[in-house]
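For reference, the chains in residue letters:
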Amino acid sequence: MNQTSGIKGGLYAVSEWIMRFSLTNLQWALFNLPVALLLLSLLNISRTSDLWYLLPPLAILTPFIFFPATTAMFAKAREWVRKDHKETPDQSFFSYYKENYAGSLKGGLVLTVLWGILIADISYFSTSSPLLMNIFFVLGILLFVFTINFFSVKVHFAMSVRDVLKQAFLITFVSPILFLTVSISCGFILMISLYIFPLIIPIFSGSIIAFLSFSAFYRLYLKMNDKEKNG
């Protein structure tokens, strides 16, 4: 009986986590539908000139749609990671979306500009300088981890957008373990999602990335807190 109960309990826990990941990811995907349609159009363009018709609306929509929705997803991931901390009640995805909209939009404007500059540089130097392309590849990884850390810091601290960006920048460069954890885990999930099982993108990919990334960030946060308490 105990073994059967243990198996049932384990299956229930697994199904509960699947529901958490899938429901949050589907909500995130639904909010990001206009951005997703533009990205799909970008992947199917036949002429390079078409790129410049699609990038401006994508750049406009990203800070207004993608960043608030992704912040809400990270806020849900924070709930899951901090399941033993109930000083604040759990909230819905839409509640987090509204609560963090303004700050996410402002931070998203800054990060969208940075991504736009990087993409423009890659497009310009893609055929003329392999060395610069390698440099931009490294910068792309740095900017990706910085963006992920922005979401983690945004949902965990009550800070101004400027301070959130500063804190995200600092932890991106001063914590190599966090950097490697985020870049490798997110890269692995993205490779599986894009090249092996694309159908999991609207169901699991985003929420799993948010959960793994915030988990790594939260471990760093707890470790730093312990160091401060112990002198």
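Residues numbered from 1 in each chain as written. Predicted model: local features only at pLDDT ≥ 70, side-chain atom pairs only at ≥ 80, totals over all residues. Heavy atoms only, no water.

### A closer look at the overall build of the protein
Right, so step 1: A tally of regular secondary structure across the protein gives nine helices and zero strands.
Right, so step 2: In the protein, the succession of helices and strands from N to C terminus is α-α-α-α-α-α-α-α-α.
Right, so step 3: Taking 2.2 N^0.38 as the reference for a compact globule, 231 residues should give roughly 17 Å; the C-alpha atoms of the protein span a radius of gyration of 19 Å, in line with that estimate.
Right, so step 4: For the C-alpha atoms alone, the extent of the protein along its principal axes is close to 65 × 45 × 35 Å.
Right, so step 5: Burial status across the protein gives 38% buried among its 231 residues.
Right, so step 6: For the protein, restricting intrachain contacts to residue pairs at least 6 apart in sequence, the fraction spanning at least 24 positions comes to 72%.
Right, so step 7: As presented, the protein carries roughly 13900 Å² of accessible surface, and 71% of it is formed by carbon and sulfur atoms.
Right, so step 8: Within the protein, the 11 negative side-chain charges are centred at a point lying 1 Å from the centre of the 17 positive side-chain charges. (Helix = DSSP H or I, 4+ residues; strand = E, 2+ residues; numbered from the N terminus. Rg over C-alpha atoms; globule rule 2.2 N^0.38 Å. Buried < 20%, exposed > 50% of the residue type's maximum accessible area, 1.4 Å probe, protein only. Contact = heavy atoms within 4.5 Å. Areas by Shrake-Rupley, 256 points an atom, 1.4 Å probe, with all protein chains shown as cover. Lys, Arg positive; Asp, Glu negative; His and termini not counted. Charge placed at Lys NZ, Arg CZ, Asp CG, Glu CD.)

### A short note on helix α5 (residues 101–125)
Right, so step 1: Taking 1.5 Å of rise per residue, 25 residues should cover 36 Å, and α5 covers 35 Å from first to last C-alpha, within 8% of that figure.
Right, so step 2: Those residues of α5 that fall on the buried side of the exposure criterion are G103, S104, L105, G107, G108, L111, T112 and L118.
Right, so step 3: Where the residues of α5 are buried, they touch α3 (51–81), α6 (130–156) and α7 (161–174). (Expected span 1.5 Å × (residues − 1).)

### Points about the UniProt feature "transmembrane region" (unreviewed entry) in the protein
Right, so step 1: This chain's UniProt record puts "transmembrane region" (unreviewed entry) on residues 28–45, 51–75, 107–125, 131–157, 169–197 and 203–222.
Right, so step 2: With 83% helix and 0% strand, residues 28–45 has its two end C-alpha atoms placed 25 Å apart.
Right, so step 3: Taken end to end, residues 51–75 has its terminal C-alpha atoms 33 Å apart, with 100% of it in helix and 0% in strand. (UniProt positions renumbered as here; feature names shortened; annotations may be inferred.)

### Considering the packing of aromatic side chains
Right, so step 1: Considering all chains together, one arrives at 25 aromatic pairs under this definition.
Right, so step 2: Ring plane angle 45 degrees and centroid distance 4.5 Å describe the contact between F31 and Y97, whose orientation is recorded as tilted. In this pair, F31 is assigned in helix α1 (residues 2–31) and Y97 in helix α4 (residues 93–99), connecting sequence segments 66 residues apart.
Right, so step 3: When its relative accessible area of 25% is taken as the criterion, F31 is described as partly exposed.
Right, so step 4: Members of the aromatic cluster, each reached through a chain of ring pairs, are W28, F66, F67, F74, F150 and F151.
Right, so step 5: Lying over the aromatic face of W17, R20 brings its terminal NZ or CZ to 4.5 Å of the ring centre. (Phe/Tyr/Trp six-rings, centres within 6.5 Å; stacked < 30°, edge-to-face > 60°. Lys NZ or Arg CZ within 6 Å of the ring centre and 35° of its normal.)

### Considerations on the environment of M159
Right, so step 1: Relative to the assigned elements, M159 resides in the loop between α6 and α7.
Right, so step 2: We classify M159 as partly exposed; its relative accessible area is 31%.
Right, so step 3: Between the C-alpha atoms of M159 and G103, which are 56 residues apart in sequence, the distance is 9.3 Å.
Right, so step 4: Contact partners of M159, with chain neighbours within four places excluded, come to V153, V164 and Q167.

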